[in-house]
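# Survey of secondary and tertiary structure
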Amino acid sequence: MPVALCTMSHSPLMGRNDPDAAIVAEVDAAFADARTFIADFAPDLVVIFAPDHYNGVFYDLLPPFCIGAAAQSVGDWGTQAGPLDVDRDAAYQIARTVLAAGVDTAFSERMHVDHGFAQALELLTGSITALPTVPIFINSVGEPLGPVSRIRLLGNAVGQAATALDRRVLLVGSGGLSHDPPVPRLDTAPPQVRETLIAGRDPSPEQRAGREQRVIDAGRDFAAGVATIQPLNPDWDRNLLAVLASGDLDQIDSWTTDWFVEQAGHSSHEVRTWIAAYAALAAHGPYRVRSSYYRPIPEWIAGFAVTTALPA
């Protein structure tokens, strides 16, 4: 059945630490074009691949993938809080197809998602409840990470499931591109932070505000050239976009997890969501990229991109 794709970078710093107004206008135009594309396609189901940033998934049980049959947005960074409109039957059908394809995935009847999901749904569809949705979490932050080849296989299996749904399915990948924001890491975190990464808990408003302010400060320092975080890598970003546009996704299997970090920062692994979305589209045959916007935006600590694509 008909499928379409939209992939996008997300950044909680949008609207909080903005670049020049002309750049913001460029990004707004790219999202406006994506929304028009989506409205013209008229999906009746959104399958969204996104990461988590230690707001919904923690080291007490950290799966590489998880498909949600029900999901609640935690509402971080001012995103919408509350339940997503999850299509439970579609989620189960996708999970069965993925497992039958030999790709192990977790499954949740009580998934918690953060801005990685919510910001994308809000920007592209207007609301976390605008359309029936199947959320698919891809671990992109919590090390150790599995080989990127498994992401392609996951996406391929989801694409096969989408074919069998008899629906108009919009595939969304949310995250990336090159960036290395101040996300804590288990092996270097102080004891109190380490316990939070393992056990998870609802932060107080003061704790959440302090956490978010640290990221805002990092974005301001990064844009001013005085931050110690890893630089953006536009060459790496453009190469990724070119590979995804080419349809030759098998070459991605040779990319190592260490190479991602060395070239584009720890959080560049969020492009796993893009790889999964494009692999799902490729399961329907050759495709063409309809639009591709890219700009490195230090203020948002991101190589920032938005693409749309359709089967050829």
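First, a word on scope: everything that follows refers to the structure included in this document. These figures come from a predicted structure and were not determined experimentally.

All right, on to the sheet that holds strand β7 (residues 111-113) then. Judged by pairing direction, the sheet is mixed, and its three strands sit side by side in the order β5-β4-β7 without closing on themselves. Two strands bound the open sheet, and with one partner strand each, they are β5 (81-83) and β7. Averaged over neighbouring strand pairs, the angle between their axes works out to 15° when direction is ignored. Pairing geometry for strand β4 (residues 71-74) and β5, over three bridges, is antiparallel. Opposite V74, over in β5, you have A81 as the bridge partner.

What follows is about the sheet that holds strand β1 (residues 3-8). One open sheet accounts for eight strands, arranged β6-β3-β8-β2-β9-β1-β11-β10; its pairing is mixed. Two strands lie at the open edges of the sheet, namely β6 (106-108) and β10 (287-297), each paired on one side alone. Shown here is a sheet whose adjacent strand axes are inclined to one another by a mean of 15°, direction ignored. Pairing analysis gives three bridges linking strand β3 (residues 65-68) to strand β8 (residues 133-138), with the strands arranged antiparallel. Bridge pairing links F65 to I138 in β8.

Our next topic: the pattern of salt bridges. A full pass over the atoms with the stated rule returns nine salt bridges. Across the pair E26 and R295 runs a salt bridge whose closest N-O atoms are separated by 2.9 Å. Within this pair, whereas E26 is found in helix α1 (residues 21-41), its partner R295 is found in strand β10, the two being separated by 269 residues in sequence. Note on E26: relative accessible area 30%, which makes it partly exposed. Residue R295 is classed as partly exposed on the basis of its relative accessible area, which comes to 28%.

Let us look at the pairing of strand β11 (residues 302-311). Within β11, eight of the 10 residues are buried, leaving the element largely enclosed by the surrounding structure. Bridge analysis of β1 against β11 gives four bridges, and the strand direction is antiparallel. Opposite L5, over in β11, you have A309 as the bridge partner. Relative to β11, β10 is paired through 10 bridges, and the arrangement is antiparallel. Across the sheet, S292 pairs through a bridge with T307, a residue of β11. Turn length for the β10-β11 hairpin, with the two strands adjacent in sequence and antiparallel, is four residues, and the turn residue I301 shows positive phi of about 50°.

What counts as what
Here the residue numbers are simple positions, counted from 1 along each chain's written sequence. It should be noted that, the model being predicted, local features are given only for residues of pLDDT at least 70 and side-chain atom pairs only at 80 or more, the latter also being counted only at that level, while totals for whole chains, interfaces and linings use all residues. Excluded from the side-chain calculations are hydrogens and water; all other atoms, namely the structure's heavy atoms, are used. Only strands that DSSP links by at least two bridges are regarded as paired with each other. A run of H or I in DSSP counts as a helix once it spans at least four residues, and a run of E counts as a strand once it spans at least two, with each numbered from the N terminus. Fitted lines through C-alpha atoms serve as axes, helices being fitted only where they are in contact, and the angles separating the N-to-C directions of these axes extend from 0 to 180 degrees. A pair is scored as a salt bridge if a Lys or Arg side-chain nitrogen falls within 4 Å of a carboxyl oxygen belonging to Asp or Glu. Exposure classes here rest on a 1.4 Å probe applied to the protein chains alone. A residue is buried below 20% of its type maximum, exposed above 50%, and partly exposed in between.

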